Amino acid sequence: MASKKRSTRESTLESNRRDYRLHIEPMLADVYIDALTVRLFQKWKIYIEGKEQLALRSRQHAYGTLRAMLNWGVKMEYIEKNNLTKLGTFTDSMYVKPKVKFYTAEEFKKFISVAKEHAEEHEQKHKDYSEWEYYVFFNILFYTGLRKGECHGLRWSDIDFESALLNVERSILQKYSKSERVDIITPPKTKSSIRTLQIPQPLIDILKTHKERKKQLRGFSEDDLICSSGERCLRDGSIYNRKVQFAGLAGIKQIRVHDFRHSHVSVLANAGINIQEIARRLGHTRVEETWNTYSHLYSREEEKAVDILNAIA
């Protein structure tokens, strides 16, 4: 972990630590390295497969963490070879990749209307603007497709109101343990995630209004986080609770916070925006990554292609 600290995102390191603590340490921590045989790793795989509540992706992630540790051991010449790779990762012939969930434009309008009404009622009753933070947060996710951590990291200085541009330059990871709760500022997920997006007028208007609210608070600065409770970004738990509350009141399905990113894509894809532009807006390094996730949204292109060919005759 120490060797990877400078070259790996903190969120990835935290995920690796969790894999080790929950799935690797219980069975392998006290094993001597010269006893890391294929037979032992087969027993480990059976042990992991016995965790019926564990999703396939979680099993594969644990495998990836252990494989990386062993590869590092080979590199450092602690062991001669990585015996885990002879067995391969976890598979499931019955596994069907779940479809991406998202809100349509109409569903989002219902959701955000409830969020706005909630913020207005809270302001009138308590004379503070705290609930507007969530209204703005969900609007940013939907209109930009930002990841949650990228939205947490947005500062007012990242918005160019005259040119309607938004700069993505950082991300915030909320780290929790028994002894501490800290926010860790990191670069975005990849180099491609550092990007500038043109943003639509509805979001510009929402941000301008929110900035005027924030200016009424003592000590306002352009370096302040856009969506914050005091000096800290909004808590992930509070965001989740508001999401559940607003969707319930709106009478629409529940989706994950990350699915607002998918909702952004669905609106653009259904309008015919090409996959390269969507990949750029999402900050994906490779278009293939975007296509593998969202290709089903382009199914109607087949009908268009056939219509064009039919018109030739």
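Residues numbered from 1 in each chain as written. Predicted model: local features only at pLDDT ≥ 70, side-chain atom pairs only at ≥ 80, totals over all residues. Heavy atoms only, no water.

1. Quick look at the layout of surface pockets
By volume, the largest pocket is sized at about 2300 Å³. Forming the boundary of the largest pocket are 47 residues, of which Arg-18, Arg-57, Lys-189, Arg-256 and His-258 lie nearest the centre. Put simply, the parts of the chain that give the lining of the largest pocket at least two residues each are helix 1 (10–28), helix 3 (56–75), helix 6 (148–152), strand 3 (171–176), helix 9 (259–270) and helix 11 (287–294). A total of seven residues in the lining of the largest pocket trace back to one element, the largest contributor, which is helix 1. Of the residues that constitute the lining of the largest pocket, the class distribution is nine nonpolar, 18 polar and 20 charged. As a volume, the second largest pocket reaches approximately 690 Å³. Along the wall of the second largest pocket there are 26 residues; nearest its centre are Thr-65, Leu-66, Met-69, Leu-70 and Trp-72. Going through the elements one at a time, helix 1 and helix 3 are the ones with two or more residues in the lining of the second largest pocket. The greatest single-element share of the lining of the second largest pocket, amounting to nine residues, is contributed by helix 3. (1 Å grid on protein atoms, 1.4 Å probe; cavity = no way out; pocket = protein on both sides within 12 Å on 5 of 7 lines; lining within 4 Å. Points joined across faces, edges and corners; volume = space filled by probe spheres on them. Helix = DSSP H or I, 4+ residues; strand = E, 2+ residues; numbered from the N terminus. Nonpolar A, V, L, I, M, F, W, Y, C, P; charged D, E, K, R; others polar.)

2. A word on helix 1
Roughly 40° is the biggest bend found in helix 1, and it falls at Tyr-20. Burial in helix 1 covers these residues: Glu-10, Leu-13, Glu-14, Ser-15, Asn-16, Asp-19, His-23, Ile-24 and Leu-28. Of the surrounding elements, those touching the buried residues of helix 1 are helix 2 (38–49), helix 3, strand 3 and strand 4 (181–186). (Bend = angle between axes of the 7 residues up to and from the residue. Buried < 20%, exposed > 50% of the residue type's maximum accessible area, 1.4 Å probe, protein only. Contact = heavy atoms within 4.5 Å.)

3. With respect to the pairing of strand 2 (residues 165–168)
Burial along strand 2 is one-sided: Leu-166 and Val-168 are buried, and none of Leu-165 and Asn-167, which face the opposite way, are. Once strand 1 (residues 159–160) ends, the chain turns through four residues before running back antiparallel as strand 2, passing Ala-164 with a positive phi of about 55°. Pairing of strand 2 with strand 5 (residues 195–198) involves four bridges; the strand directions are antiparallel. Across the sheet, residue Asn-167 finds its bridge partner in strand 5, namely Thr-196. (Pairing = 2+ DSSP bridges.)

4. A few points about the packing of aromatic side chains
Overall, the coordinates contain 14 aromatic pairs when judged by the stated rule. Seen from their ring centres, Trp-72 and Tyr-78 are 5.9 Å apart, and the 35° between their planes marks the pair as tilted. Judged by relative accessible area, which is 34%, Trp-72 ranks as partly exposed. Seen in terms of ring centroids, Phe-111 and Phe-138 are 5.1 Å apart; in terms of plane orientation they differ by 85°. Their pairing is edge-to-face. Placement of the pair is Phe-111 in helix 4 (residues 105–126) and Phe-138 in helix 5 (residues 132–144), with a sequence separation of 27 residues. The buried category is assigned to Phe-138, whose relative accessible area is 0%. Put simply, the rings of Tyr-103, Phe-111, Phe-137, Phe-138, Phe-246 and Phe-260 touch in pairs and so form one group of aromatic residues. (Phe/Tyr/Trp six-rings, centres within 6.5 Å; stacked < 30°, edge-to-face > 60°.)

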